[in-house]
Amino acid sequence: MTNDAAGTATHRPAPAPRPEQPAHGLGASLPPADTRAKTEGTFPYAADLWAEGLLWAAILRSPHPHARITAIDTSGALEMRGVRAVVTHQDIPGDSAYGRRVVDRPVFASDIVRHHGEAIAAVAADHPDTARLAAAAITVEYEVLEPVTDPEQAFVAEPLHPDGNLIRHIPLQYGDPDITGEVVVEGLYRIGRQDPAPIGAEAGLAVPRPDGGVELYVASTDPHTDRDLAAACFGLEPDRVKIVVTGVPGATGDREDPGFQLPLGLLALKTGCPVKLTATREESFLGHAHRHPTLLRYRHHADAEGRLVKVEAQLLLDAGAYADSSAESLAAAVAFACGPYVVPHAFIEGWAVRTNNPPSGHVRGEGAMQVCAAYEAQMDKLAARIGLDPTDIRLRNALATGDILPTGQTVTCPAPVAELLEAVRDYPLPSLPKDSPEDDWLLPGGPEGAGEPGAVRRGVGYALGMVHMLGAEGTDEVSTATVKVHDGMATVICAAVDPGSGFATLARQIVQETLGIEDVQVAAIDTDQPPAGPSAHGRHTWVSGGAVERAAKMVRTQLLQPLAHKFGMSTELLQITDGKITSYDGVLSTTVMEALDGKELWATAQCRPHPTEPLDEFGQGDAFVGMAFCAVRAVVDVDIEVGSIRVVEMAVAQDVGRVLNPAQLASRIEAGVTLGVGTALTENLRTARGLIRRPDLTGYALPTALDAPDIRIVKLIEERDVIAPFGAKAASAVPVVTSPAAVAGAVRAATGRPVNRLPIRPQAAVVTSSGS
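What this report covers is the structure whose coordinates are included nearby. Every residue gets a number counted from 1 within its own chain, in the order that chain's sequence is written. With the structure being a predicted model, the display of local features is reserved for residues of pLDDT at least 70 and the display and counting of side-chain atom pairs for 80 or more, all residues being used for whole-chain, interface and lining totals. Side-chain numbers here rest on the full set of heavy atoms in the structure, without hydrogens or water.

Put simply, DSSP marks the helices as runs of H or I at least four residues long and the strands as runs of E at least two long, and each gets a number from the N terminus on. Of regular secondary structure, the protein possesses 15 helices and 32 strands. Radius of gyration means the value over C-alpha atoms here, while the globule rule gives 2.2 Å times the residue count to the 0.38 power. Computed over the C-alpha atoms, the radius of gyration of the protein is 27 Å, within 12% of the 28 Å expected from 2.2 N^0.38 for a compact globule of 772 residues. Each principal axis of the C-alpha distribution contributes one length, and for the protein these read about 85 × 75 × 60 Å. Every one of the 772 residues in the protein was classed for burial, and the buried ones make up 59%. Taking the intrachain contacts of the protein between residues at least 6 apart in sequence as the baseline, contacts between residues at least 24 apart amount to 80%. Across the protein, the mean location of the 65 positive side-chain charges is 2 Å away from that of the 96 negative side-chain charges. Buried means the residue's accessible area, taken with a 1.4 Å probe over protein chains only, is under 20% of the maximum for its type, while exposed means over 50%, and partly exposed covers the values in between. Whether two residues touch is decided by their heavy atoms; if any such pair falls within 4.5 Å, the residues are in contact. The charge count treats Lys and Arg as positive and Asp and Glu as negative. His and the chain ends do not count. Charge positions come from single atoms, namely NZ of Lys, CZ of Arg, CG of Asp or CD of Glu.

So this is what it looks like as structure tokens:
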């Protein structure tokens, strides 16, 4: 659908009022407890920590993407005044390699450098400038090797790692390989390298302990795994290493790479002093993992009415130098390669390979985002070939509860895909800008855009996306939580890190709802607590929230049992509402505070969802616990002469299971959509023969307030998932997955260009006089 820049305004109805929200408990828009600390600047970020006798750390990194190390001379650094220690691979008392999922990445390169920015050595000094100068004074002799930067070349290149270049291969086979459709469309798509660009500096503080152990104060999102990796590296028992989670400023992936933490601990143990490291933005770009760049080849078969017959695809994920989460990302990409559509026959072949490019890893919606951009482009091609509206062809193929994925897994959770698409399709379109100087609207390119209004074309694009929740393929998902009640206040102890997901707020709401106690605090997190697992895939809402609920219900039983016994009734006949305990017949009525009567109650509980299984040799298996779905309609204005693009509006409909905190849910969806807009238009960590170009926030363009469109949450479907605690689904990943595909579809609609690469380059949106 396209329009020129002139047109009449479209009436937009006022949003329907929401029902009155409770003041606390589930369903309330309870604000985060750390809001005031963050706004006043007192939030305990790791970069602000201090300790008596503090030393500063700096890391020397490789300037080459691929090289053999022939010699390392640290004498120049050790001779500098103020330098207290230098550590290399020779100073590691334990395991020299690490990895949260695959242990294949060296703490310090010893013989081979495999990517630009790989750590070679670390220095501790009495001043940060001294540490940086000392790191630069370390002399490293390299034999520069030819880098392998094309993932397709990784299949035939010499092994870059002892484990080989192929990390995983999944040949999914579902149905009849010989069947064909009446209409066939093909496409080749490329997805760029997106950086998680975490808010705030990546930083940490290591403090040696009197028992020979060490404490690490870092913004970890998986503290127990990080503790185990650190203990193995330091040659210590896990109980002699403690991770204390400092304030986490926000994360869209793994917040703190262990590659920052391990040198800190080594230096603290060697010097016997606290050591602090605050990474520059350049170091963050060089050190941590990014979204997998992906090459995708697709062939869709359909009948004459637009119903899908078969999907064939080849997916190639560039893992960079080390494996990290590439196997899991590939599984998601292959499993969701056909999207939320019914596909009777599917043959998807996926590979994840090592190269000498920067390392790839967990970024929100990994695997699913890349394939969504490709299969939605294919659906637009099919619609154009057959002569159908883009929404009609999607509705004819929409997945529903009870349908079967190409992995052979039956969709048992709510899957209102068609209803979501109809909601965004039927939502009124935004007003069209006028071609006159008095109109207050922005040209693509900003208020001082280079283009002219007469060259602006409007396009509308649609996309459907899906993600899995929790871990996959047999991951043991478990979390432990303790709820304590004393002096009228409740405390939640759970090692579930909240990197912006809102879990800390949710935990307070769960206890308020269950116990009727308004004053609820969430304890600070460290590895002395039982593990809760990583902050990924929305798992803490489900697993840790379920553990908190079970513990709170156990405390509730302890609270109500004496009353129930006194009145000769079951605790099930008592209810807690607004801080009051009442019986079904009205005989009993008292307050929670009176029932507590100064007692201290506590309980610990675990939550473990039902197990999954790995995909087999044909890509078949019940690999996922649950799924979430989203529909997005993007409206864009494109200057077809210069290729600048402005996203005018994003309309979103999402199945959320149950709204637990309306304000928090809206902010999560809006943040996900904005991240998706950045993926579609600006965010691309560029490399040249393995070297990262301009690793800073000038060279890497994040979307700003001027880039953020109007975001309309037009429908939230609350069809509860019966196996999930509270029936809620993860909310933030699926709009990230879906939004880039919708923006690309809208640019295609405005320009008639294929748009087969993300982020979209300006030249891809330029229409010449010949129409190409």
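Moving on, we come to the packing of aromatic side chains. Here the aromatic set is Phe, Tyr and Trp, taking the six-membered ring for Trp, and pairing holds for ring centres within 6.5 Å; pairs whose planes are under 30 degrees apart are stacked, those over 60 apart are edge-to-face, and all others are tilted. Applying the stated criterion to the full structure yields six aromatic pairs. On the numbers, 6.2 Å between centres and 90 degrees between planes, the contact of Tyr-341 with Tyr-375 is edge-to-face. Of this pair, Tyr-341 sits in the loop between helix H7 (326-335) and strand E18 (345-354) while Tyr-375 sits in helix H8 (residues 368-386), and the two are 34 residues apart along the sequence. Tyr-341 sits in the buried class, given a relative accessible area of 1%.

Turning our eyes to something else, we now look at the pattern of salt bridges. Proximity of charged atoms lets side chains of opposite charge pair with each other. Salt bridges, as used here, are contacts in which a Lys or Arg side-chain nitrogen is within 4 Å of a carboxyl oxygen on Asp or Glu. All told, the structure shown has 34 salt bridges when counted by the stated rule. Between Arg-68 and Glu-143 there is a salt bridge, with its nearest N and O atoms 3.4 Å apart. With a gap of 75 residues between them, Arg-68 in strand E3 (residues 67-73) and Glu-143 in strand E9 (residues 139-144) connect regions that are remote in the sequence. The exposure class of Arg-68 is partly exposed, given its relative accessible area of 35%. Glu-143 gets classed as partly exposed once you look at its relative accessible area, which sits at 38%. When the shortest N-O distance is used, the salt bridge between Glu-549 and Lys-553 registers 3.6 Å. With Glu-549 and Lys-553 both in helix H12 (residues 539-567) and four residues apart, this pair spans about one turn of that helix. A residue is classified by how much of its surface remains accessible, and Lys-553, at 45% relative accessible area, is partly exposed. Within this structure, Glu-186, Arg-299, Lys-310 and Glu-312 form a network of salt bridges that share partners.

Let's shift gears to the sheet that holds strand E22 (residues 520-522). The strands making up a sheet associate through hydrogen bonds between their backbones, and the pairing can be parallel or antiparallel. Whether two strands pair comes down to DSSP finding at least two bridges between them. On the basis of which strands lie adjacent, the open sheet formed by four strands has the order E22-E21-E20-E26 and mixed pairing. Looking at the sheet topology across the chains shown, the edges are occupied by E22 and strand E26 (601-607). The mean angle between the axes of side-by-side strands here comes to 20 degrees, regardless of whether they run parallel or antiparallel. Relative to E22, strand E21 (residues 489-494) runs parallel, the two sharing three bridges. In the strand pairing of E22, Val-492 is matched with Val-522. Simply put, an axis is a line fit to the C-alpha atoms, just over the touching stretch for a helix, and the angle between two N-to-C directions goes from 0 to 180 degrees. Those strands touched by helix H11 (residues 503-515) are strand E20 (479-486), E21 and E22, and its axis lies near 145 degrees from that of E22. Running at roughly 145 degrees to E26, H12 makes contact with E20, E21 and E26 of the sheet.

Turning to the packing of H8 against helix H9 (residues 390-397), a few remarks are in order. The contact between H8 and H9 brings their axes to 9 Å, and the two run at 110 degrees. Judged on the interaxial angle alone, H9 and H8 are roughly perpendicular. Once H8 is placed against H9, the crossing between them reads as right-handed. The residues of H9 that touch H8, namely those facing Glu-376, Met-379, Asp-380, Leu-382, Ala-383 and Ile-386, are Pro-390, Ile-393, Arg-394 and Asn-397. Under the grouping applied here, Gly and all other residues not named as nonpolar or charged are polar, the nonpolar ones being Ala, Val, Leu, Ile, Met, Phe, Trp, Tyr, Cys and Pro and the charged ones Asp, Glu, Lys and Arg. Here the residues of the contact of H8 with H9 sort into six nonpolar, one polar and three charged. Orientation labels follow simple angle bins: below 35 degrees gives roughly parallel, above 145 gives roughly antiparallel, 65 to 115 gives roughly perpendicular, and whatever is left gives oblique. Whether a crossing is left-handed or right-handed is set by the direction in which the near helix is turned from the far one by less than a right angle, anticlockwise for left-handed and clockwise for right-handed.

Another aspect to go through is the state of the cysteines. The disulfide criterion used throughout: a pair of cysteine sulfur atoms within 2.5 Å. This structure, assessed with the given rule, holds zero disulfides. Distance from the sulfur of Cys-630, which forms no disulfide, to the nearest cysteine sulfur (Cys-372) is 8.9 Å. Take Cys-630: its relative accessible area is 1%, and that puts it in the buried class.

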